[in-house]
Amino acid sequence: MKSNEQIVYDVSKALDRILDLDKIRFNISVLLAISGGPDSSCLLHVLNSIKDRYNMSISLAHVNYNGENSNYMEKLCVSLSKEFKCPLYVKNVTVEESENFESIAREIRYSFFNQLSTKYSFDYIITAHHSLDQIETLYMKDQDHGDWISMLGIRSKSGKLIRPMLLSNKKDIDLYLQENKIEWIFDSSNNNTKIRRNYIRKHIMPDLLKNHPSYIKHLYDISRR
């Protein structure tokens, strides 16, 4: 397997598992949540490369939060929709960057995705969460002394919502982007460390990943159990 094919293998394997569970094999329609950032841009390219295997039709949903780089990100999403001939649905909102930004933004976008799914009868809504997102979530739940349900973390499947990159390594995503020269835009809101996840990502995760692998494994073990 070539170095940049690992992420394609991971996504295909995850999709096979989900489709087998739902007893679906072909003719699926998906709504991909796309921000214009690295992870969702990567996933769009991956899905496009394997869509014929599933006879998959891909539509895109983008939420413009009107932040510093938001208009550039929307323009990239428009460009990608034209490049891959995917319908694009855009919602424009304004949300102040605060400690509650993440939860408010999440509620807005998932409401938008669900509205689109109901209106156009998509088989699945897909997001580009990956293993580092899961580690961050499990860390926050552990620090909050979450119950066993919350320690499940991000789920690979919840109804129509699926996350085929959830077990994928962030390094494999970055490698795929680099080797395939895929354009993406940095979301400036990720620099706001008033947002708890951003603070953890920038100031806590690097040390945990480097110096405390047993703790990371402990979180994963709890999630699996």
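Above this text sits the structure in question.
Anyway, here's the lowdown on the structure attached to this text. In this text the structure is predicted, and so the values were computed from the model without any measurement. (Residues numbered from 1 in each chain as written. Predicted model: local features only at pLDDT ≥ 70, side-chain atom pairs only at ≥ 80, totals over all residues. Heavy atoms only, no water.)

## Some thoughts on the overall build of the chain
Here is step 1 of the chain: Of the regular secondary structure elements, the chain holds 9 helices and 6 strands.
Here is step 2 of the chain: Taken over the C-alpha trace, the chain has a radius of gyration of 17 Å; the compact-globule value for 225 residues is 17 Å, and the two agree within 12%.
Here is step 3 of the chain: Seen along its three principal axes, the alpha-carbon backbone of the chain occupies a region of about 45 × 40 × 35 Å.
Here is step 4 of the chain: Within the chain, the fraction of its 225 residues that count as buried is 49%.
Here is step 5 of the chain: Contacts in the chain between residues at least 24 apart in sequence constitute 77% of all its contacts with a sequence separation of at least 6.
Here is step 6 of the chain: With 31 positive and 28 negative side-chain charges, the chain shows a spacing of 3 Å between the two charge centroids. (Helix = DSSP H or I, 4+ residues; strand = E, 2+ residues; numbered from the N terminus. Rg over C-alpha atoms; globule rule 2.2 N^0.38 Å. Buried < 20%, exposed > 50% of the residue type's maximum accessible area, 1.4 Å probe, protein only. Contact = heavy atoms within 4.5 Å. Lys, Arg positive; Asp, Glu negative; His and termini not counted. Charge placed at Lys NZ, Arg CZ, Asp CG, Glu CD.)

## Re helix α5 (residues 131–143)
Here is step 1 of the chain: Taking 1.5 Å per residue, 13 residues should reach 18 Å; α5 reaches 18 Å between its end C-alpha atoms and fits that length.
Here is step 2 of the chain: Among the 13 residues in α5, 10 count as buried, and that is most of the element.
Here is step 3 of the chain: Along α5, the residues classified as buried are S131, L132, D133, Q134, I135, E136, T137, L138, Y139 and M140.
Here is step 4 of the chain: At the exit of α5 stands H145, carrying a positive phi of roughly 55°. (Expected span 1.5 Å × (residues − 1).)

## Here we look at the pattern of salt bridges
Here is step 1 of the chain: Under the counting rule described, the total for this entry stands at 10 salt bridges.
Here is step 2 of the chain: Between D16 and R53 there is a salt bridge; the shortest N-O distance is 2.6 Å. Residue D16 is located in helix α1 (residues 6–21), and its partner R53 is located in helix α2 (residues 38–54); the two are separated by 37 residues in the primary sequence.
Here is step 3 of the chain: A relative accessible area of 16% means that D16 is categorised as buried.
Here is step 4 of the chain: Taking the relative accessible area as the measure of exposure, R53 reaches 42% and is therefore partly exposed.
Here is step 5 of the chain: In this structure, R106 engages E102 in a salt bridge whose closest nitrogen and oxygen atoms are separated by 3.6 Å. Taken as a pair, R106 and E102 lie in helix α4 (residues 101–120) at a separation of 4 residues, close to a single helical turn.
Here is step 6 of the chain: Its relative accessible area of 33% is what places R106 among the partly exposed residues.
Here is step 7 of the chain: Among the ionic contacts, a cluster of salt bridges with common partners joins E102, R106, D133, E136, R197 and R201. (Salt bridge = Lys/Arg side-chain N within 4 Å of Asp/Glu carboxyl O.)

## As for the layout of surface pockets
Here is step 1 of the chain: Quantified by volume, the second largest pocket comes out at close to 410 Å³.
Here is step 2 of the chain: In this structure, the second largest pocket is lined by 21 residues; those nearest its centre are R17, Q134, S156, L166 and L167.
Here is step 3 of the chain: Going through the elements one at a time, α1 and α9 (213–224) are the ones with two or more residues in the lining of the second largest pocket.
Here is step 4 of the chain: Per-element accounting of the lining of the second largest pocket gives the leading share, 6 residues, to α1.
Here is step 5 of the chain: When the residues that make up the lining of the second largest pocket are grouped by side-chain class, the tally is 9 nonpolar, 5 polar and 7 charged. (1 Å grid on protein atoms, 1.4 Å probe; cavity = no way out; pocket = protein on both sides within 12 Å on 5 of 7 lines; lining within 4 Å. Points joined across faces, edges and corners; volume = space filled by probe spheres on them. Nonpolar A, V, L, I, M, F, W, Y, C, P; charged D, E, K, R; others polar.)

## Observations regarding unusual backbone geometry
Peptide bonds are trans in most cases, and residues, glycine excluded, mostly fall at negative phi.
Here is step 1 of the chain: Phi is positive for K85, which is not a glycine, with a value near 55°.
Here is step 2 of the chain: Among the structural elements, K85 can be located in the loop between α3 (70–83) and β3 (88–92).
Here is step 3 of the chain: We classify K85 as exposed; its relative accessible area is 73%.
Here is step 4 of the chain: Notably, S121 is not glycine yet its phi reads approximately 60°, a positive angle.
Here is step 5 of the chain: Locating S121 in the fold gives a position in the loop between α4 and β4 (124–126).

## Overview of the nonpolar core
Here is step 1 of the chain: Of all hydrophobic cores here, the largest spans 36 residues; its most connected members are I7, V11, L47 and I58.
Here is step 2 of the chain: Going through the elements one at a time, α1, β1 (29–33), α2, β2 (57–64), α3, β4 and α6 (170–179) are the ones with two or more residues in this core.
Here is step 3 of the chain: A per-element tally of this core places α2 first, with 7 residues.
Here is step 4 of the chain: Beyond its immediate stretch of four places on either side in the chain, V11 contacts L43, V46, L47, I50, P164 and M165. (Core = buried A, V, L, I, M, F, W, Y, C linked by side-chain atoms within 4.5 Å.)

## A word on the environment of L138
Here is step 1 of the chain: Along the chain, L138 falls in helix α5.
Here is step 2 of the chain: Note: C-alpha distance between L138 and Y120 (18 residues apart in sequence) is 33 Å.

## Examining the environment of L177
Here is step 1 of the chain: Examined against the element boundaries, L177 turns out to sit in helix α6.
Here is step 2 of the chain: Among the residues examined, L177 registers a relative accessible area of 5% and is labelled buried.
Here is step 3 of the chain: Between the C-alpha atom of L177 and that of H45, which follows or precedes it by 132 residues, the distance is 9.2 Å.

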